[in-house]
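This is what each chain is made of:
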Amino acid sequence: MVALSRASAYAKERIVFNRPIGKNQAIQHPLAKNWMELEAAWLMTLSAAWQYDQGLPCGPAANAAKYLAGEAGFHACEQAVMTHGGFWLRQGISCRALLARIPDPAHCPDQPQLILSFIAEKVLGLPKSY
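Computed from a prediction, not measured in an experiment: that's the story for all the values here.

Caption draft 1: Inspection of the overall build of the protein at higher detail. When helices and strands are tallied, the protein shows 5 helices and 2 strands. Secondary structure elements of the protein, listed N to C terminal, follow the sequence α-β-β-α-α-α-α. Within the protein, the fraction of its 130 residues that count as buried is 28%. Within the protein, residue pairs in contact and separated by at least 24 positions form 60% of the contacts whose partners lie at least 6 positions apart. Counting every atom, the protein has about 8,500 Å² of accessible surface; 61% of that belongs to carbon and sulfur.

Shown next, in the form of structure tokens:
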């Protein structure tokens with residue numbers, strides 16, 4: 001949420017052609033999508049925690065929460081860097097530093113694929129693929 005907050009604040013204050021860049025849908029829509037992805041990941045996390053607290057099987061929900069949070073966090077940091085454009089270089093603690101701390105799910109191939117295989121097998125009832 002820090003990356004999204006910084007990007008939103010910057011979009012409100014950065015003026016180009018006498019208007020904030022946040023007035024453009026090309027800036028607004030990706031940030032709105034990031035918010036929805038982060039909220040969905042948080043709700044899945046709460047669902048997994050509730051299932052665990054109730055003594056219910058929570059493996060699918062916990063795996064889904066981990067997958068969604070990783071994807072949403074990375075996308076939010078990536079979009080924050082794009083929203084700032086080259087100006088992130090002038091910021092105190094840059095969004096780029098946040099992005100460097102979150103591994104790109106595509107570059108950690110085992111974990112996302114294992115989670116997807118788990119969901120496919122345990123939730124969808126598909127045959128084991130590995």
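Caption draft 2: Molecular detail of the pattern of salt bridges. Inspection of every chain in the model, using the stated rule, returns 1 salt bridge. Glu121 is the partner of Lys122 in a salt bridge, and the nearest nitrogen-oxygen pair spans 3.7 Å. Of the residues examined, Glu121 reaches a relative accessible area of 22% and is grouped as partly exposed.

Caption draft 3: How the structure looks around the nonpolar core. Counting residues in hydrophobic clusters, the biggest one holds 13 residues, and the most contacted among them are Ala11, Ile21, Ile27, Leu31 and Leu38. Mapped onto this core, the elements with two or more residues apiece are helix 1 (2-13), helix 2 (25-53) and helix 3 (59-84). The leading source of residues in this core is helix 1, at 5 residues. Among all residues touching Ala11, those that are not within four sequence positions of it are Pro20, Ile21, Gly22, Ile27, Leu31 and Thr83.

Caption draft 4: Region of the structure containing the side chain of Gln51. Tracing the chain through its elements places Gln51 in helix 2. Exposure remark for Gln51: the relative accessible area of 18% places this residue in the buried category. Residues in contact with Gln51, not counting those within four places in the same chain, are Leu56, Pro57, Cys58 and Ala61.

Caption draft 5: How the structure looks around the confidence of the model for the protein. The share of residues in the protein with pLDDT of 70 or more is 82%, and the mean pLDDT across the chain is 88. When mean pLDDT is taken per element in the protein, helix 2 scores highest with 98 and helix 4 (residues 95-101) scores lowest with 62.

Caption draft 6: Region of the structure containing the environment of Ala7. Within the element layout of this structure, Ala7 appears in helix 1. Separated by 20 residues in sequence, Ala7 and Ile27 place their C-alpha atoms 9.4 Å apart.

Caption draft 7: Local environment of helix 2. With 29 residues, helix 2 ought to run about 42 Å at 1.5 Å a step, and its terminal C-alpha atoms sit 41 Å apart, in line with that. The set of residues buried in helix 2 consists of Ile27, Leu31, Asn34, Leu38, Ala41, Ala48 and Gln51. Following helix 2 by one or two positions, Gly55 has its phi on the positive side, about 75°.

Caption draft 8: Fine view of the packing of helix 1 against helix 2. In contact at an axis separation of 11 Å, helix 1 and helix 2 are set at 155° when each is read in the N-to-C sense. Accordingly, the angle class assigned to the pair helix 1 and helix 2 is roughly antiparallel. Here helix 1 runs over helix 2; the crossing is left-handed. Where helix 1 approaches helix 2, its residues Leu4, Ala7, Ser8 and Ala11 are matched on the opposing element by Ile27, Leu31, Asn34, Trp35 and Leu38. Of the residues that constitute the contact of helix 1 with helix 2, the class distribution is 7 nonpolar, 2 polar and no charged.

Cut-offs used in this document
Residues numbered from 1 in each chain as written. Predicted model: local features only at pLDDT ≥ 70, side-chain atom pairs only at ≥ 80, totals over all residues. Heavy atoms only, no water. Helix = DSSP H or I, 4+ residues; strand = E, 2+ residues; numbered from the N terminus. Buried < 20%, exposed > 50% of the residue type's maximum accessible area, 1.4 Å probe, protein only. Contact = heavy atoms within 4.5 Å. Areas by Shrake-Rupley, 256 points an atom, 1.4 Å probe, with all protein chains shown as cover. Salt bridge = Lys/Arg side-chain N within 4 Å of Asp/Glu carboxyl O. Core = buried A, V, L, I, M, F, W, Y, C linked by side-chain atoms within 4.5 Å. pLDDT = per-residue confidence, 0-100. Expected span 1.5 Å × (residues − 1). Axes fitted to C-alpha atoms, helices over the stretch in contact; angles between N-to-C directions. Parallel < 35°, antiparallel > 145°, perpendicular 65-115°, else oblique. Left-handed = near helix turned anticlockwise from the far one by under 90°. Nonpolar A, V, L, I, M, F, W, Y, C, P; charged D, E, K, R; others polar.

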